[in-house]
Amino acid sequence: MRVAVLGTGIMGAPMARNLAAAGHEVTAWNRSAEKAEGIEGVKAADSVAEAVRGADAVITMLADADAVEAVVREARPALDGASLVQTSTIGPEATARLAEQVPGLVDAPVLGTKAPAEEGKLIVLASGPEDARERVDPLFEAIGAKTLWLGEAGAGSRLKLVINTWLLALTEGLAEAIALAEALDVDPQTFLDAIDGGPVGAPYANLKGKLMIERDFPPSFPLELALKDARLALAAAEEQGLRLGALAAIAEQMERAVEAGHGKDDMAATIQASRA
Ligand SMILES: NC(=O)c1ccc[n+]([C@@H]2O[C@H](COP(=O)([O-])OP(=O)(O)OC[C@H]3O[C@@H](n4cnc5c(N)ncnc54)[C@H](OP(=O)(O)O)[C@@H]3O)[C@@H](O)[C@H]2O)c1
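Model, not experiment: these values are computed from the prediction. (Residues numbered from 1 in each chain as written. Predicted model: local features only at pLDDT ≥ 70, side-chain atom pairs only at ≥ 80, totals over all residues. Heavy atoms only, no water.)

A.B. asks: Any chance you could explain the side chain of Glu 172 here in plain terms?
C.D. replies: Residue placement: Glu 172 occurs in helix 7 (residues 155–183). Despite its burial, Glu 172 pairs with no opposite charge, the nearest such side chain being Arg 256 at 8.2 Å. Those residues within four positions of Glu 172 in sequence are excluded, and the remaining contacts are Ile 250, Gln 253, Met 254 and Thr 270. (Helix = DSSP H or I, 4+ residues; strand = E, 2+ residues; numbered from the N terminus. Buried < 20%, exposed > 50% of the residue type's maximum accessible area, 1.4 Å probe, protein only. Lys, Arg positive; Asp, Glu negative; His and termini not counted. Salt bridge = Lys/Arg side-chain N within 4 Å of Asp/Glu carboxyl O. Contact = heavy atoms within 4.5 Å.)

This is how it looks when you write it as structure tokens:
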């Protein structure tokens with residue numbers, strides 16, 4: 001298929017590379033043009049319209065709803081029947097707005113971070129019209145290990161917020177346990193060793209715990225985007241009259257770490273808020 005990838009950041013660049021490696025003809029565009037250049041097998045375009053022209057499918061992988069809406073506004077005149085596959089995390093409200101503007105929208109946020117994106121092992125939370133599925137499934141096979149088809153557009157974005165609510169709790173819980181260990185003169189590694197492999201352990205604790213202990217935050221999932229997701233989940237909950245107290249507190253902690261200059265760092269940097 002001829003595929004346009006709009007947004008080649010941490011997630012979009014490896015997705016574009018894997019699509020090309022699977023035999024698709026891929027053109028990529030990125031706001032900061034240099035990031036769309038030099039991706040193996042992928043042609044860089046100078047403009048959104050150039051990337052989209054002649055494509056069978058257009059994939060957006062951009063920071064947030066504002067970015068997606070702005071870029072889709074530019075892409076729409078050139079879409080010409082191409083399937084729009086929206087993979088960024090933008091929440092159900094913006095997805096509903098987009099679905100109104102773009103008939104046949106495939107709402108497909110992904111689960112998995114930088115490494116799974118590089119390995120083509122994302123989990124695709126897909127939703128959209130039945131007749132789009134056959135068309136876009138080969139693309140999801142190239143970027144992911146598994147695709148869950150969940151119903152009408154919007155269902156993927158709702159599940160994504162549920163998953164990230166869990167993920168954010170896990171991350172903040174880990175950060176605070178490690179911060180407390182350090183403050184109580186407990187070697188934080190002994191905490192990780194104690195939970196490892198048991199029912200309260202999690203592979204994620206080893207992965208992110210090591211980074212937190214070392215205060216080393218190369219971005220897999222930038223903290224500012226994690227904060228965006230906390231806010232999206234809080235807004236969706238509020239809409240339903242639901243009070244998520246822990247998530248509200250997590251958002252506050254993450255906001256403090258972002259204000260301390262860690263927005264572009266990995267979300268493991270939320271540990272910095274405990275002393276900020
Ligand atoms: N990283 C993860 O672990 C992960 C996992 C699942 C889902 N996600 C979601 O996937 C999306 C992308 O995340 P990422 O980690 O790839 O982030 P990223 O590396 O920060 O990339 C963000 C992309 O959005 C572009 N962008 C931002 N504002 C824009 C605007 N106003 N107009 C046009 N382009 C704009 C950036 O362009 P520039 O290069 O010019 O800044 C960049 O291409 C986010 O919605 C995120 O929540 C991330």
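A.B. asks: Any chance you could explain the site of the ligand here in plain terms?
C.D. replies: Among the 25 residues in the neighbourhood of the ligand, the closest are listed as Asn 30, Ser 32, Lys 35, Thr 113 and Lys 228. A distance of 2.8 Å separates an oxygen atom of the ligand from a polar backbone atom of Ile 10. In this structure, Ala 63 approaches the ligand through a main-chain N or O atom, which is 2.8 Å from an oxygen atom. Considered on its own, the ligand offers 900 Å² of accessible surface; in the complex 87% of this is hidden by protein. Among the detected pockets, the ligand sits in the largest pocket. (Near = heavy atom within 4 Å. Polar contact = N/O pair within 3.5 Å; in protein donor to acceptor, adjacent residues only side chain to side chain. Areas by Shrake-Rupley, 256 points an atom, 1.4 Å probe, with all protein chains shown as cover. 1 Å grid on protein atoms, 1.4 Å probe; cavity = no way out; pocket = protein on both sides within 12 Å on 5 of 7 lines; lining within 4 Å. Sits in = over half its atoms within 2 Å of the grid points.)

A.B. asks: Where do I start with the packing of aromatic side chains in this structure?
C.D. replies: The way to describe two aromatic rings as a pair is by their centre distance and the angle between their planes. Counted by the stated rule, this structure contains one aromatic pair. Centre to centre, the rings of Phe 140 and Trp 149 are 5.9 Å apart; their planes meet at 50 degrees, and the pair counts as tilted. Since its relative accessible area comes to 1%, Phe 140 is described here as buried. (Phe/Tyr/Trp six-rings, centres within 6.5 Å; stacked < 30°, edge-to-face > 60°.)

A.B. asks: Mind showing me how you'd approach unusual backbone geometry here?
C.D. replies: What is expected of a backbone is that most residues other than glycine have negative phi and most peptide bonds are trans. The phi angle at Asp 80 is positive, at roughly 50 degrees, despite the residue not being glycine. Relative accessible area serves as the criterion here: at 76%, Asp 80 is assigned to the exposed category. Of note, the phi angle at Asp 185 is positive, near 60 degrees, even though the residue is not glycine. Note that Asp 185 resides in the loop between helix 7 and helix 8 (188–195).

A.B. asks: Looking at this structure, how should I read the pairing of strand 4 (residues 57–60)?
C.D. replies: If a strand is regular, its side chains alternate between the two faces of the sheet. Side chains of strand 4 alternate between two faces, with Ala 57 and Ile 59 and Val 58 and Thr 60 buried alike. Two elements, strand 1 (residues 2–6) and strand 4, share four bridges in a ladder whose sense is parallel. Bridge assignment links Val 5 to a residue of strand 4, and that residue is Ile 59. Examined bridge by bridge, strand 4 and strand 5 (residues 83–86) share four bridges and lie parallel to one another. In the sheet register, Thr 60 faces strand 5, and the bridge partner there is Gln 86. (Pairing = 2+ DSSP bridges.)

These figures come from the coordinates and say nothing about function on their own.
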